[in-house]
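# Commentary on secondary and tertiary structure
These are the residues of each chain, in order.
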Amino acid sequence: MTTADPLTGETAAAELIAALRDSGRTVATAESLTAGLVAATLAGVPGASAVLRGGLVVYATDLKHRLAGVDEHVLAAEGPVAASTAEQLAVGARTRCGADWGIALTGVAGPDPQNGIEVGTVYLGLAGAGHTEVMRLKLTGDRWNIRFTATRAAIQELLRCVRGATPTR
């Protein structure tokens, strides 16, 4: 019995994999609150191995520095849930995994606020050659809903970048 991957059907993962393949580009992730969900969603698409280089799960703050290369001073001054952290995570995913594009997600999925940051606050970072951007998302729902909505947004926004469109947020 063959079944479709339940994650890919609710995202633009197949379109992103196709766009990356068609453009000869690759992608890697650095994920905190999603803990590998973006990479797993992309990997659910047949043929993803041609474009998905890998991913870093950097749930712990110290791993954001050690694995993804986020500056320790940024983490100390601004914290793990910040725009600058998301930007450096995206660059780190790209450079550490040898990919053309890096996706990063850091935020608070709840159920409680973290260091004064509200539940549902998410920073999405995207990094490519000559292109880096960060978006602040305000998501609602339970932990799963916040994590999956962040995953869906990350895939959609990178698809926009790969296709060369302007930001939607």
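The sections below set out a description of the structure shown in this document. Keep in mind that this is a model prediction, so the values were computed, not measured.

Thresholds applied
Residues numbered from 1 in each chain as written. Predicted model: local features only at pLDDT ≥ 70, side-chain atom pairs only at ≥ 80, totals over all residues. Heavy atoms only, no water. Helix = DSSP H or I, 4+ residues; strand = E, 2+ residues; numbered from the N terminus. Contact = heavy atoms within 4.5 Å. Pairing = 2+ DSSP bridges. Axes fitted to C-alpha atoms, helices over the stretch in contact; angles between N-to-C directions. Buried < 20%, exposed > 50% of the residue type's maximum accessible area, 1.4 Å probe, protein only.

On to the environment of Glu 15. In this fold, Glu 15 is placed in helix α1 (residues 13–23). Separated by 140 residues in sequence, Glu 15 and Ile 155 place their C-alpha atoms 9.2 Å apart. Look past the residues within four positions of Glu 15 in its chain and what remains in contact with it is Leu 159 and Arg 163.

Moving on, we get to the sheet that holds strand β3 (residues 101–107). Pairing is mixed across the open sheet formed by five strands, whose spatial order is β2-β1-β3-β4-β5. Looking at the sheet topology across the chains shown, the edges are occupied by β2 (52–57) and β5 (131–138). The average undirected angle you get between the axes of adjacent strands in this sheet is 15°.

Take the pairing of strand β4 (residues 121–128) next. Within β4, eight of the eight residues are buried, which leaves the element mostly enclosed by the surrounding structure. Side chains Thr 121, Tyr 123, Gly 125 and Ala 127 of β4 all project onto a buried face; the interleaved residues Val 122, Leu 124, Leu 126 and Gly 128 project onto the opposite face, where all are buried too. Strand direction decides the pairing type here: β3 and β4, joined by seven bridges, are antiparallel. Within β4, the position partnered with Gly 102 by the bridge is Ala 127. As paired elements, β4 and β5 share eight bridges and run antiparallel to each other. In the strand pairing of β5, Tyr 123 is matched with Arg 136. Between β4 and β5, which pair antiparallel and follow one another directly, the connecting turn spans two residues, one of which, Gly 130, has a positive phi of 70°.

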